[in-house]
Every structure is written in C-alpha cells, then in structure tokens.
Amino acid sequence: MNKVILGIDGMMCGMCEAHVCDAIRKVCGKAKVSASHAEGRAEILLDETPDIARIRAAIRETGYKVTEVKVETVDKPKKGFSLFRRG
C-alpha cells in the first residue's frame, strides 16, 4: 500500500479541504483521502502506484498549489478489533 503526503498551499477552510479531496478522488478512485487546511497537507492511501503528475494537475485545477510530495510504502491496515483475534 502507498501513502502519499502532499504539502498544499492555499487551503483556508473545511470547504478547501473538501475541494482538494474531491479532486484527488477523481484521479485516484477508491483511495482513502484526507486533508487539513491547518496543517497545509493532504494524505492519500491507495493500493496502486500513484500518478503524481495527474494528482498535481487535479489539485492545480482547483486553485491550490502542491508544494511538496512524499511517497511511502506502508503496511495495509488490519480490519476489525484485534483483541478478539485468535492466533
């Protein structure tokens, strides 16, 4: 699983976060997306390799600027409550 952390300039409120998340979802499909205007960043979790150029372009079209991109490989989160798992 890939985690993409984007620095984003220009987000001022919750609506800005929603615009950025919507733009990313249009490019990344079923990815888990979150954004924070207070931190000036967005995070994307997705199974496939991210197309950074398309993500940048989609965000730019909404009026925001990507200032930084960091891609990490992370373990897929486990589902359920592990306290009751056997094994």
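Residues numbered from 1 in each chain as written. Predicted model: local features only at pLDDT ≥ 70, side-chain atom pairs only at ≥ 80, totals over all residues. Heavy atoms only, no water.

(A) Quick peek at the pattern of salt bridges. Under the defined criterion, the tally for this structure stands at five salt bridges. Among the ionic pairs, Lys3 bridges to Glu43, the shortest N-O distance being 3.8 Å. In this pair, Lys3 sits in strand 1 (residues 2-9) while Glu43 sits in strand 3 (residues 41-46), placing the two residues 40 residues apart along the sequence. Between Asp22 and Arg25 there is a salt bridge, with its nearest N and O atoms 3.6 Å apart. In this pair, Asp22 and Arg25 are both assigned in helix 1 (residues 14-28), three residues apart and thus about one turn of the helix distant. When its relative accessible area of 41% is taken as the criterion, Asp22 is described as partly exposed. Connected via shared salt-bridge partners are Lys3, Glu39, Arg41 and Glu43. (Salt bridge = Lys/Arg side-chain N within 4 Å of Asp/Glu carboxyl O. Helix = DSSP H or I, 4+ residues; strand = E, 2+ residues; numbered from the N terminus. Buried < 20%, exposed > 50% of the residue type's maximum accessible area, 1.4 Å probe, protein only.)

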